[in-house]
Amino acid sequence: MKFTAKIKDIGRTLAGSLTITLESRQMDTAAALELSQVEELDVEIKKHRKNRSLDANAYYWTLIGKIGDITGDSKNHIHNIMLDRYGQLDRMEDESLIPFCIRDDIDYLEFPYPHLKPTQKTLSKGNKLYRWFYQIKGSSEYDTKEMSHLIDGLVSECKEMGIETLPPEELERMMSEYEKRYKKRTDG
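Residues numbered from 1 in each chain as written. Predicted model: local features only at pLDDT ≥ 70, side-chain atom pairs only at ≥ 80, totals over all residues. Heavy atoms only, no water.

(A) Just the pairing of strand E1 (residues 6-12), in detail. Burial analysis of E1 places just zero of its seven residues in the buried class, a small minority of the element. Pairing geometry for E1 and strand E2 (residues 18-23), over six bridges, is antiparallel. If you follow Arg12 over to E2, its bridge partner there is Leu18. The antiparallel hairpin formed by E1 and E2 contains five residues in its connecting segment, where Gly16 sits at a positive phi of about 95°. (Buried < 20%, exposed > 50% of the residue type's maximum accessible area, 1.4 Å probe, protein only. Helix = DSSP H or I, 4+ residues; strand = E, 2+ residues; numbered from the N terminus. Pairing = 2+ DSSP bridges.)

Structure representation (structure tokens):
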């Protein structure tokens, strides 16, 4: 178990052993109680430092920003294009697609949410044209395989534009970390 904490109190027992009291908003009470029953623990206490290495999501948004710097498009615009090309359609519980119908003159690529994939199907109402879309799953909901596909597609497009990307082994390491966090999030 790993968590961030603050030393709240330091003391000594009558037998001379050091006692340290930690305060943490991240520590799970049930897990702490379970560990309190263990005879001996391995403990490492060190100064907290924010993780400086890019995770998969941060890397994705860094590359989105680099494309935006070149094209002049917003991050939402580029993100929606990448989701359209490499993302996964969202589905309801019965596995059916989630449809949307909006006016054809609205720039759906600027939406922060929902993410939409246009279809060829349109509808005329009065003098307005409407287009049918399907909802695309937001990248924060992607499993490792889906996120890997999204990032691979983005990296490919960046390379075509001459944007520097991470070496494959660093990308693989990042995706391995993403998978660990994803499993932790879905298992617990």
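(B) Structural detail: the sheet that holds strand E5 (residues 128-136). Here three strands make up an open sheet; going across it, the order is E3-E5-E4 and the pairing antiparallel. One side of each edge strand has no neighbouring strand; the edge strands of this open sheet are strand E3 (99-103) and strand E4 (115-125). Strand-to-strand twist in this sheet, taken as the mean axis angle between neighbours without regard to direction, amounts to 30°. As paired strands, E3 and E5 are joined by five bridges and run antiparallel to one another. When the bridges of E5 are listed, Phe100 appears paired with Phe133. (Axes fitted to C-alpha atoms, helices over the stretch in contact; angles between N-to-C directions.)

(C) Quick peek at the environment of Gly87. With respect to the element layout, Gly87 can be found in the loop between helix H3 (75-86) and E3. On the basis of relative accessibility, which here comes to 22%, the residue Gly87 falls in the partly exposed class. Expressed as a C-alpha distance, the spacing of Gly87 and Met174, which sit 87 residues apart in the sequence, is 19 Å. Once residues within four sequence positions are removed from consideration, Gly87 is found in contact with Met82, Ile136, Tyr142 and Leu150. (Contact = heavy atoms within 4.5 Å.)

(D) How the structure looks around a nonpolar patch on the surface. On the surface, Phe3, Ile7, Ile10, Leu18, Ile20, Leu22, Leu35, Val38, Leu41, Val43 and Ile45 cluster together into a nonpolar patch covering about 940 Å² of accessible area. Elements represented by at least two residues in the nonpolar patch include exactly E1 and E2. Checked against the element boundaries, Val43 lands in the loop between helix H1 (29-36) and helix H2 (56-71). When its relative accessible area of 62% is taken as the criterion, Val43 is described as exposed. (Patch = residues over 30% accessible without salt bridge, like charges linked within 9 Å, V, L, I, M, F, W, Y side chains within 5 Å. Areas by Shrake-Rupley, 256 points an atom, 1.4 Å probe, with all protein chains shown as cover. Salt bridge = Lys/Arg side-chain N within 4 Å of Asp/Glu carboxyl O.)

(E) Focus on the nonpolar core. One finds Tyr60, Met82, Met147, Leu150, Ile151 and Leu154 to be the most contacted residues of the largest nonpolar core, which totals 23 residues. Secondary structure elements with two or more residues in this core: H2, H3, helix H4 (144-160) and helix H5 (168-187). Beyond its immediate chain neighbours, meaning those up to four positions away, Met82 contacts Tyr60, Ile64, Gly87, Leu150, Leu154 and Glu157. Grouped together as the second largest cluster of nonpolar side chains are five residues, Tyr108, Leu109, Leu116 and Phe133 included. (Core = buried A, V, L, I, M, F, W, Y, C linked by side-chain atoms within 4.5 Å.)

(F) Up close: H2. For H2, with 16 residues, the first-to-last C-alpha span of 23 Å sits near the 22 Å given by 1.5 Å per residue. Among all positions in H2, only Ala56, Tyr59, Tyr60, Leu63, Ile64, Gly65, Ile67 and Gly68 are buried. The inward-facing, buried residues of H2 contact H3, H4 and H5. Directly beyond the C-terminal end of H2, a positive phi value near 85° is found at Gly72. (Expected span 1.5 Å × (residues − 1).)

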